[in-house]
Each structure stands twice: as C-alpha cells, then as structure tokens.
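Close look at the chain arrangement
Residues per chain are reported as follows:
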Amino acid sequence: MTAVLRYRGPATTWTDALPVGNGLLGAMCHGGALVDRLGINDGSAWSGTVATEHVDPLDPQTVRAALAEARAAIAEERFDDAADALRRVQHRHTQAFMPFVDLLVTITPDGDGLVQEHERTLDLATATATTSFVLDGQPVRTATWASWPDRVLVHELVFPSSGVGVVDVSLETLLHAPLDGSSGPAAAGAAGAAAGVAVAGDAAGVVAHGLGDAALLVRLPSDVWPPHDSDVQDPVRWDGPALEGAAVLRVVDGDGRPIASGAGAGAAGASGDHVRVTARGTVRIVLATATTAQGAGREPTGTAADAAATALGMVDAAVAMGIDRVHDAQRADHAALVDRFTLTLPDGDHVDDTTDERLARVAEDGIATDPGFAALLVAYGRYLLICSSRPGGLPATLQGIWNAALRPPWSANYTTNVNLEMAYWPAEVTALPETVEPLVALVQAVARSGEQTAARLYDAPGWVAHHNTDAWGYTQPIGEGQHDPAYAFWPMGALWLLDPLVAHADHGADDSFVRDVLLPLVAGALEFVDAWLVTGDDGTRHTVPSTSPENHFVTATGAPGAVDTDAAMDLALIGMTVSAYRRLSARIGQTPDPRLAALADALPAIEPGADGAVPEWRADRPHAEPGHRHVSSLVGAYPGTEPLDGPMAAAVTRTLDARGDDSTGWSLAWKLALRARLGDTAAIGRLLPLVFRTMDGVDDEGQRGGLYRNLFAAHPPFQIDGNLGFVAAVAEMLVQSHRGGIDLLPAVPEAFAHGSVRGLVARPGIDVDVTWGAVGEDGAELLQADLRARTPRALGDHVVRHRGREVLVRLAAVGVRVRVVFSA
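Residues numbered from 1 in each chain as written. Predicted model: local features only at pLDDT ≥ 70, side-chain atom pairs only at ≥ 80, totals over all residues. Heavy atoms only, no water.

**Describing the pattern of salt bridges**
Put simply, the rule reads: Salt bridges, as used here, are contacts in which a Lys or Arg side-chain nitrogen is within 4 Å of a carboxyl oxygen on Asp or Glu. When accessible area is computed with a 1.4 Å probe and restricted to protein chains, residues below 20% of their type maximum are described as buried, those above 50% as exposed, and intermediate ones as partly exposed. Numbering of helices and strands runs from the N terminus; a helix is a DSSP stretch of H or I covering at least four residues, while a strand is a stretch of E covering at least two.
Considering all chains together, one arrives at 51 salt bridges under this definition. Of the charged contacts, one joins Asp81 and Arg78 as a salt bridge, the two residues approaching to 2.8 Å between their closest N and O atoms. Relative accessible area serves as the criterion here: at 37%, Asp81 is assigned to the partly exposed category. The exposure class assigned to Arg78 is partly exposed, which follows from its relative accessible area of 33%. Between Arg582 and Asp601 there is a salt bridge; the shortest N-O distance is 3.1 Å. Residue Arg582 is located in helix α14 (residues 568-587), and its partner Asp601 is located in the loop between α15 (594-597) and α16 (646-659); the two are separated by 19 residues in the primary sequence. Residue Asp601 is classed as exposed on the basis of its relative accessible area of 56%.

Encoded structure:
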C-alpha cells in the first residue's frame, strides 16, 4: 500500500482540501495554482473563556426542585412533565472551536498564466501536502508541512531559476482586532515598542508592522451559539472576555536568507500585511501562531502582542536553526509515530487512479475489489489523530484541528456521549499513546469544573460532566431551557470520559499514571454516582432521571419520551468504572474505598428484553426511533469488555439487527467494532460498503455515512470520529485482548483476505504482528504471528487463541519478539 492521497486540480470545497497539522496548529491546503489558500487553525483558539460558563448561572434551589419534580413524575410515568422539569436544569451552551487565519499565496505570472498538469498529493508517511503544475510551460511545486518539535508550519514554493512572475503572501481572518485598552492595539504597540513594532487597527485583525515579514493580531469571539440554535440574535458576540492571538510569518529563500528584507534574488519587500517576492528559485513561508490560552480549563493571560512575540520567537528560532534541519526533525518526529503500525492489504487494479476516482470505484464495485483502499483509510485515520492531538495541545475536536466557520456544526466542540471517546479508541491499539495526553489534561480540567457543578447544582461530592464540554472544561447541562433532555440532560459524561484513560492504563501506561492521575479521577466520578443513585424500597439502587443519549421511547399514550429510570448505558458505565476502580487499585496495591467498590453490586442487572434485545431502559419500552444512530445500550460490549457469550451475545446481536446497518459515519464505525467483538464477519461485510460510499453529490444533511473526496468521514457533515472509529473497528477485526489473553484474527471479513498487520497493541502492552491468508467459514488462515513486550508489565505468560486453538506464550524480555506456534 502506498500511503498517498492524489488528486487532479485544486480543491473546490473545504472537504476537498488536504489536512496537515502538528497537534497544535492545523492547515487545510486547497492547492490552488495562481491563487492558493491555506486555512490555518490554532488548536487553542476557542471562543469565550473559563468565565463564560458562569454567565447567567443556574439557581441551585431551582435545579434541586426540578430534579425532585422529575423523579416524582417519572415514578408516576408522567414523562412529559419530567422532561419539562429538566428543562429548568438547562444552562446555556459550550463554546466553539474557531478558525484562525488564512494564508493566501497569489502568483502573478509574467506570461499568460496557463496552468496545466495540476496535481495535489498528501503523503501520510511524511505528513506533507504537495501541489505541482506547469505554469506557462514552467514547472512549479509546493510542499506544506507542520513541525511539532519546532511549532511552525512551512509552505515551500519551488520555481524555475529563471522565474515565472511575482508572489504575494498575505494573511486574512474572520476574527476581530484586539480591543483598545489593556489587551488591544494600544497595549500591542506598547509591548512591541522596544522591537519597533507598529500596529494598525482593522475590522478583521490588526496588521503588525515590525513582527516578521507579515503578522496579524486577532481577538476571538467572547460567546458563540451553536448553529442549531437558529433563533438567536447576534449568535457571535465580541463584547466579553475572550482570547487574543497572533499569526506571524517570515519569507526566506532556500538557504534560509530573508527575501523580503532585501537579501536574496528578486527581493521586493514586506509591508506588514503582505509580502511580495519574485517567483524564482525556492521560496519558503515560515509561519507560527499563538494565543493567550494557558491550557485546558485555564484562564487566558496576556495580550495579542504577547502572543505575537511568542509566535515570532518560534518563527525566528526555526529560521535560525535552518529550515532543512527543522524539516529533518519534523520527518523524524512524524515517522516515530506513524511507522509503529502498518496494515497491508492487496491493492486493486486501479491503485494508480486518483483517490477520488479510486473511492468512486470502490463505492461502485465493493471494497473486495481494492482492499488496499481500506488499509489507506486506516492509515489516514491514524494520520488525522497524530495531526490533531499531540502533547501540549488540546484533544481532537469533532473536526480534529481543522475548522473554517465561526459557527461550525455542533460548535466543533467535545461531545462526550460518544464522539470524543470514539476519537481515542484507536490511540492505544494502534500504538499512539502520546495522543491521549491532551485528553488526559482536558479530563482533569473537566473534573475541576465538574466538582463545582456537582456541589453547586446537585449538592453532591465528586465531579460530574454532561454531554458537551469545551476547551474551558464546561460541565453544566446545556439547552437554554428549550432543548430536548434526550441529549441535554445526561449526568454520566464523567464515566465515559474515563474509559479512554482506563484503556491507556490497560495498554501500558505506568503505575504513576494510575496512582497519581487516573484513580483520583475515577474515585471522584464514583463519589458523584454514589450521591446520584436513588435507593429503592428493596435496597436496589437506580439512576433517575435517566436518559439514553439522544434516544426516545414510546410512552403509554403513544407519545415519545426521553426521561425514565435506569438506562442501560448508565448501568453499564457505572459497572465499567467500578470494575476499573477495583482492578487498578489492586494493580498499585491500594485498598479501594469499599463503598465505591460496591456501587455496582446493588444496581439492576442488564438483561435481554422481551424481544431478545438489550433494552434501552430497564422498563423495556418500545423504541420511538428503532433505527437510531446511537447504540448506547451496548457500551458494555464495546468499548467495554463485557464477555459476549450465550444470552448476552444473542442480545447484542438482536439489538444491532433491530437497529439496522445504515447510519452516520461514526455510528457505522461503532457497529463495525461491535460486530467484530461478536465475530460476525457477515455483518461486517454488509457494513463496509456503507463506509466506502462517496459523498459527491450528496446533501450534507441526514444520517447517511460515507466519505468526502479528501476521505473525511461524513456524519454528515464531516466528523473526525467516523475516521478514527473505523481504525479502531478494523483493529478489533484483527486482534482482541479484552477477555484475558490475545485472540488472533477473530473477525477478518472475506474482503480482507491475504494481509498483514504490524504493531497492533494488545493488553497489557504487547506488540502483535500477524500475517494471514485466505478467509474461510471458520475464519482467516493464520500464517505467522509474533508478540513483543513493550513494558515490564507485559512480561510473563500469555494465552493466545486462534480458531479454537490455544497456546501459552512466554515473554521473558522487553523488546524481544517471540513467535507464536500452535501445535499441529
């Protein structure tokens, strides 16, 4: 498999553009010829601040009275009254991930401007987007990459030595200028005076003269309503506390000499808002961004001028180091992550087609005609996670680290009822544990905020989170008093946020992480649950009010209801968290709090309902939406580790069958992972064609998953969890380690016959390499398998299973590969 996306011509829509990123800064590369646009995102650039959550605070007495009313109404099956009561518990909304600046590169040719042989590529192995074309008979090439070690983006243009015209480089933004006063242009001027910096106000940012060759100082919105709140006046507001930031760039030649300041051939100069140079030889644009953000859940400090000084420092350091050395470090850093894992499947006859042509063929003829395209999508998903989530930054949003809209879909925030967790499902199993660090930092911030919310709203200890959060750690129920509690009220978010962190521990994180970070978070979440549960007359404990994210049941009157008692997801998440608490406490020799360790013991059991499926709620009411995209009642089956044997396996299968196959991109990924846990290769074979549909000509609404031309997964619209969930699902088809021991090739679909995988990670931190052949009725033929302990915790004896056979494999030393041999 060649891990390169290829296209003819420039991007015509945002989902045609090619993404690059370093976990802190992202760019969507449109690949134009005479006019090129790179949409630049700073990963810390969000609307609002920590203080925004405290606007229009809820009255605690009102909240507690509403909860009491809801519980009483549920007991009497007055479900509409319960929902009405819970609307009084709704606060406002989370903040939104913002666009930052656009880098525009315009070529004014000496000749007629005839563009031919225009191609774009994205090389996943080097994290480089390229464009090549012939301009008036002369070759032109560009390359764009972002460095995590040096925190800069480089856009390189290579022209013939004879030149083809002039190049204008400029910055634009949808954001505003910093305010006058302590954080505005006046302050920017004062802070920059010593360096000779001058600033000029503008409705869209502030042009800074004397900062690099071009710079733009910006102020982000103070409050942004999500686009589904369509009746809000002034939904993007600028009049409150907000982040400030800056983008700074320098233009140098191939030897790192400044062009705009007069050195180098064809210098033309810089004016602060743009740079003009001769289009000759190598031209490199070195760009950095910074904001006043201080990390997840922290109040911003400083000014736009401070951010500009930080960005300029990064640019100047990169130029001083030498861009070739910066590039060497970038490639080595990226390779250290991407090369840990490789999935190889046979390419079809049209592997040399452009990526959009190849997608169209697979959509028409089936993935079995080109299995290598599925391997490409897996590699792309890992690439997107690497680009979106690195230490020092924030986690991947609903759109990763890329966004072009002031009001992006669902605010491009962190949706905690599945989407944020799904984004990290592939991190451990495909050997990218570093990408989890930003999520850990966010969960810690949410826990700090959630302690305040639990105490103030619910008079409860511990910490709570609901179904949305943001960079500031928002934890209250959203909805403005108008939204459906089906999604707006869900106080179990903390439990599912912990699941990727538990997976991090289970796949090799050290004991200090468990002791100092994870267990305190787990105990705090369970403290809230203990206070939240209601004890019945028979001593059993219940979650009430209880919603199953975004889903509804049919009441006795035939109307839809959303609020009841004991959603299966609540019960499963509590059970998963208590199990992790017990297991991890034992791992570090710590005695668990017996009260918390026993929380799940008094809960009702999750049992098959009257139709044989897993009920959404304990009362097993009819489904208002039988084909609903969420399969929340099955969270214990995946990503949980509930054994799927006998009646429960049949119940999970029945639930998935009743729900149907088709849905959103991320729902398809979840269903694939669940079917892999069941070993149901026939169902996987039905689901795969739905993943590989093209979104060309398809309306960006509804719940039909597929792929855009740049292979972004469609909800629709684009949501990165569809891409990342697919990676995790394929990993589950190849290796599973959730039931003690390692299962090889448990659910390989017929379309994936003859392949190999290197670097899958099994619990408790074991590299697994597997090669397989034909896929028959009893599964894939195992040709070769090797194991390697990644850490000392993985040493010892491990049970390995394949097609009913079992062998004990001993790992005696870290890093030493051991061949798996089954007796004849």
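**Considerations on the packing of aromatic side chains**
Remark: the centre distance and the inter-plane angle together describe each pair of aromatic rings, the angle taken between the planes. Rules: Ring pairs are drawn from Phe, Tyr and Trp, using the six-membered ring of Trp, whenever the two centres fall within 6.5 Å, and their geometry is named by plane angle: stacked under 30 degrees, edge-to-face over 60, tilted for the rest. Geometrically, a charge over a ring is one whose NZ (Lys) or CZ (Arg) sits within 6 Å of the ring centre while staying within 35 degrees of the ring normal.
Under the definition given, this model contains 18 aromatic pairs. Geometrically, the ring pair formed by Trp14 and Phe712 is tilted, given 5.9 Å between the ring centres and 55 degrees between the ring planes. Placement of the pair is Trp14 in the loop between β1 (4-8) and β2 (18-21) and Phe712 in the loop between β27 (706-707) and β28 (713-714), with a sequence separation of 698 residues. What makes Trp14 partly exposed here is its relative accessible area of 23%. Phe712 sits in the buried class, given a relative accessible area of 0%. With a centroid separation of 6.3 Å and 10 degrees between ring planes, the pair formed by Tyr380 and Tyr383 is classed as stacked. Here Tyr380 pairs with Tyr383, and both are found in helix α7 (residues 371-388), just three residues apart, close to one helical turn. Of the residues examined, Tyr380 reaches a relative accessible area of 0% and is grouped as buried. When its relative accessible area of 0% is taken as the criterion, Tyr383 is described as buried. Chaining the aromatic ring pairs together yields one cluster made of Trp14, Trp402, Phe712 and Phe718. The aromatic ring of Trp532 is capped on one face by Arg71, whose charged end is 4.8 Å from the ring centroid.

**Section: the sheet that holds strand β30 (residues 742-744)**
Put simply, the rule is: Criterion used throughout: strands pair if DSSP finds at least two bridges between them.
Here we have four strands laid out as an open sheet, ordered β29-β30-β34-β35, and mixed in their pairing. A single partner strand is all that each edge strand has here, and the edge strands are β29 (735-736) and β35 (805-811). Where strand β34 (residues 796-802) and β35 come together, seven bridges link them in antiparallel fashion. Among the inter-strand pairings, Arg801 is bridged to a residue of β35, identified as Glu806.

**A word on the confidence of the model for the protein**
Regions with low pLDDT carry predicted coordinates that are not meant to be interpreted in detail. Just so we agree on the cut-off: pLDDT measures how confident the predictor is about each residue, on a scale from 0 to 100. Should any heavy atoms of two residues lie within 4.5 Å, those residues are counted as being in contact.
When pLDDT is averaged along the protein, the result is 94; 95% of the residues meet or exceed 70. Throughout residues 181-203 the model reports pLDDT below 50, and contacts reaching past four residues in sequence, or to other chains, amount to 44 contacts. With pLDDT under 50 throughout, residues 261-268 is counted as low confidence; its partners more than four residues away or in other chains account for twelve contacts.

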